[in-house]
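Per-entry structural report
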Amino acid sequence: MTVEQLSQVDAGFLEQVEDASRRYATRTAERDGHMEALEQHGILYADTQERVNSRLNRLGVDWALATAIERTPETATPGTSLDLDRELVSTDLLMLERFMGRNDLIGIDYLEGGFLAARSVGRITVRSPGSSHHGTGFLVSPALLMTNNHVLGSVEEAAAGVVEFNFQAGLGGQPLLPIVFQLDPQNFFVTHRHLDFTVVAVSERSRDGQPLASFGRLPLKEAQGKAVIGELVNIIQHPNGEPKQLALRDNQIVDVLDDFVHYSADTARGSSGAPVFNDQWEVVALHHAGAPRKDRDGNVLAVDGTRWHPSMGEHRVDWKANEGVRVSRILGMIQQFPLSGVAAALRAELFAAGSSLHPVEASPPTVLTDRMDGAAPQNMTMARNGEQPATTGAAVRWSVPLHISVSLDADALQPRAESPAAGPAHRATTPSYGRSLAGIGSIDGQSPAERDLAAAMVNLAAFRARPYYDEAADLTARDAYYAGIHAGNPAGLRLALTQRLESTHERRPAYKPMRLLYPWVDLHPDEKLHGIYSDEGFTPQELIAADAAVEAARIGRWQEFLLHESATGREAIEAELDLLEASLPFNCEHVVPQSWFAKKEPMRGDLHHLFACESTCNSFRGNIPYFDFPDFDETVRHACGRREPAKFEPSEGKGPVARATLYFLLRYPGVIGDEARELQRGGLELLLNWHRDHPAGIYEQHRNAAIAEMQGNRNPLIDHPEWAEQIDFAGAWP
């Protein structure tokens, strides 16, 4: 705002300031608690576990790696604090250490990302007879710009407005030539007073004919996990209409509300309509106001201690906290507006842009499903007239920049020859696929498979320095975990355990066995993985590399499917994904088959019922319930066990799979058993018999302790095997 405008814009801004001040004042106790947790325990514990888990997942890392860093003493040397081979130090690891405050160094790509993000930020100017005002705005799709409601509050105001890009200094300090675009509210205009946002269309070409597309966009993402309490954020802005400026990692998030986020303002203040970024240059909030310092009479103070007046501009307010509007809440509200025609098409384009894997877009956006870790073809766009997306070229190129720091004999990853009667070969198999192992579906030069492989190898290296099982520490943790739970009432014991298992299941990792299961959770005392049904041994590196190959093959075939299928509905996509997972399985077994719970989370990624299992044995069992054959030891059977229609008995692992299944019944009551093909009440006796006849040893005790550290909950049947006969399991069926 400038001295020329002292009316409606000022009134709207002051209303937002008062609202923000009230919110800030009512959150004092919560904010103090966050800061105390941050000071005493670190960033992993200042926010909710759900939000921290989402943040780690979004960073491409996991809780195990975070806790490994947490346990490692800080060093005075730059770079990672973990004692790792330098070839294993990935950008993900360095990013995690920076997030945790263990490493102040920032990758050089950070500067490039900020430069690209800044191109999409412009100065808004609204001129009307006798007055004018400024604000900041930024492109969020190929045609739309976002700012505050108190900057553009009406269609009439927007029609009188322009946005200027390149209103900034160049490398030599000389001003660049601004590129001016007219706002186009007739095509699109959506505004909301409480959330203080406005989204408006922008003309496709500037006054001198330059395309709007050359300034990219900052996609808005609905997903959670873009930032947590304690994290530093960046703001790119035009304060008081001045040339573009940057507040770089100078604001710390101190509180997260339902609709808003608060960040400190000790040194760098925000400007109305400015985007607030995390370190990956994703937009986490729309800056709009803050909580100012006031004198005894309630007057807002200026930075020089005098009474503030709107004519001074908001940059002169003595802010004690900034407030931004959460992007996910803005998107949720935009979805609720009844739109049609061109406006509806532009809204669809806005959400398509937000599905991009890249935080800053300079090319048409990507539309992805929520079940694939990879990229769809990059040449699909939504037409401005609202027509369906269409490909704009005849071919799709994949970048394959694979650099994997794993030493393996290539022959070791190939299926071994086998005779028809010998059963499956007990090796982890690499899928037969024509392209390179990873790099397919690359994101900024790195493939999802490569990122997962690198993270798994770092986890493996970090865990090697730990004792396999600390019995004394685990007994102490066990006693504390079950405090207040007593046997005696079978139904009461079941309900108490179910409540405890759910309430302590704080961290819910996604289903990626190569990251957590193979490097540590499922290791046996001989430091190998053993197929749960065959007991065949594998090195962790072998299964990690094999699953990375599977992931790369899935992504490659998924991209081919999208390329050749011009129209794909949700059912076709789901069917194709199911086919991919069935034909290219990981070397991991869900002892409670995924089809029994429709592949839903958190069941799918719950480590308590995941075990290493060569894919041949995995496929051999399928989704068949367990069974006890009376003549099992007297017949010729498959190497993984014996299978008949609707019956499967494994050769090995009966005790562990029984306890894992019993855990599942306690943790997820009523989820399985509603169909004949699933485990029925009659199968309970078999599980209890296997549990009794094959007691848990150090392997399962290690698993239980490792999973408790990663997920938060434990398996009661391992900790208290005597409870198996005292729990009313029958009540766990629907």
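Computed from a predicted model, the values in this text were never measured in an experiment. (Residues numbered from 1 in each chain as written. Predicted model: local features only at pLDDT ≥ 70, side-chain atom pairs only at ≥ 80, totals over all residues. Heavy atoms only, no water.)

As for the overall build of the protein
The helix and strand inventory of the protein stands at 20 helices and 21 strands. Counting only residues that meet the buried cut, the protein has 56% of its 734 residues in that class. Of all intrachain contacts in the protein linking residues separated by at least 6 positions in sequence, the fraction that spans at least 24 positions is 70%. When the accessible surface of the protein is totalled, it reaches about 30,700 Å², and 51% of it is carbon and sulfur. (Helix = DSSP H or I, 4+ residues; strand = E, 2+ residues; numbered from the N terminus. Buried < 20%, exposed > 50% of the residue type's maximum accessible area, 1.4 Å probe, protein only. Contact = heavy atoms within 4.5 Å. Areas by Shrake-Rupley, 256 points an atom, 1.4 Å probe, with all protein chains shown as cover.)

Some thoughts on the sheet that holds strand β5 (residues 179-182)
The strand order β5-β4-β1-β2-β3-β7-β6 describes an open sheet built from seven strands, whose pairing is antiparallel. Each of the sheet's edge strands pairs with one partner strand only, and the pair in question is β5 and β6 (189-192). The mean inter-strand angle of the sheet, taken between neighbouring strand axes irrespective of direction, is 30°. With four bridges joining them, strand β3 (residues 144-147) and strand β7 (residues 197-201) adopt antiparallel strand pairing. Residue pairing across strands places Thr 147 opposite Thr 198, the latter belonging to β7. (Pairing = 2+ DSSP bridges. Axes fitted to C-alpha atoms, helices over the stretch in contact; angles between N-to-C directions.)

Remarks on the nonpolar core
The nonpolar side chains of a soluble globular protein tend to be buried with one another. If you look at the biggest cluster of nonpolar residues, it comprises 83 residues, and the most contacted ones within it are Tyr 518, Tyr 533 and Phe 729. Excluding anything up to four places from it in sequence, Tyr 518 contacts Pro 513, Leu 523, Leu 529, Pro 540, Leu 543, Ile 544, Asp 547, Phe 586, Asn 587, Cys 588 and Ala 612. (Core = buried A, V, L, I, M, F, W, Y, C linked by side-chain atoms within 4.5 Å.)

Thoughts on the packing of helix α14 (residues 540-564) against helix α15 (residues 570-583)
Interhelical geometry of α14 versus α15 gives an angle of 150° and a closest axis separation of 10 Å. Comparing their axes, α15 and α14 come out roughly antiparallel. Here α14 runs over α15; the crossing is right-handed. From α14, Arg 554, Arg 557, Trp 558 and Phe 561 reach across to α15, where they touch Ala 572, Ile 573, Glu 576, Leu 577, Leu 580 and Glu 581. Taken together, the residues of the contact of α14 with α15 sort by class into six nonpolar, no polar and four charged. (Parallel < 35°, antiparallel > 145°, perpendicular 65-115°, else oblique. Left-handed = near helix turned anticlockwise from the far one by under 90°. Nonpolar A, V, L, I, M, F, W, Y, C, P; charged D, E, K, R; others polar.)

A look at the side chain of Glu 576
Locating Glu 576 in the fold gives a position in helix α15. As a buried residue without a salt bridge, Glu 576 has its nearest oppositely charged side chain in Arg 557, at a separation of 8.2 Å. What Glu 576 contacts, discounting residues up to four positions off in sequence, is Trp 558 and Phe 561. (Lys, Arg positive; Asp, Glu negative; His and termini not counted. Salt bridge = Lys/Arg side-chain N within 4 Å of Asp/Glu carboxyl O.)

Comments concerning the pairing of β7
Burial runs high along β7: five of the five residues are buried. Burial along β7 is two-sided: the residues Phe 197, Val 199 and Ala 201 and Thr 198 and Val 200 are all buried. Sheet topology places β6 next to β7; four bridges connect them, and they run antiparallel. Opposite His 192, over in β7, you have Phe 197 as the bridge partner. Here β6 hands over to β7 after four residues, with Asp 196 in that stretch at a positive phi of 50°.

Here's the deal with the pattern of salt bridges
Counted according to the given criterion, the structure contains 33 salt bridges. With a closest N to O distance of 2.9 Å, Asp 474 and Arg 714 form a salt bridge. Of this pair, Asp 474 sits in helix α11 (residues 471-481) while Arg 714 sits in the loop between α19 (698-711) and α20 (716-719); the two residues are 240 residues apart in sequence, bridging distant segments of the chain. The exposure class assigned to Asp 474 is buried, which follows from its relative accessible area of 8%. Taken together, the shared-partner salt bridges in this structure form one network comprising Glu 15, Asp 19, Arg 22 and Arg 193.

Description of the state of the cysteines
In a disulfide, the sulfur atoms of two cysteines are held together by a covalent bond. Counted according to the given criterion, the structure contains one disulfide. Disulfide pairing places Cys 617 opposite Cys 640 at an S-S distance of 1.7 Å. Of note, the bridge from Cys 617 to Cys 640 carries an S-S torsion of about -70° and is left-handed in sense. A residue pair is termed long-range when its members are at least 10 positions apart, and Cys 617 in helix α16 (residues 615-621) and Cys 640 in the loop between α16 and β20 (641-644) qualify at 23 residues. Neither residue differs from the other here; Cys 617 and Cys 640 are each classed as buried. Distance from the sulfur of Cys 588, which forms no disulfide, to the nearest cysteine sulfur (Cys 613) is 8.2 Å. With no disulfide of its own, Cys 613 lies 5.1 Å from the sulfur of Cys 617, the closest cysteine sulfur. (Disulfide = S-S within 2.5 Å.)

Looking at the sheet that holds strand β10 (residues 260-264)
Taken in spatial order, the six strands of this closed barrel run β8-β9-β10-β13-β12-β11, and their pairing is antiparallel. Neighbour-to-neighbour, the strand axes of this sheet turn through a mean angle of 45°, independent of strand direction. Here strand β8 (residues 232-237) runs beside strand β11 (residues 275-277); their pairing, made up of two bridges, is antiparallel. The partner of Asn 234 across the bridge, within β11, is Phe 277. Of the strands in this sheet, β8, β9 (245-256) and β11 are in contact with helix α6 (residues 109-119), which crosses β8 at around 40°.

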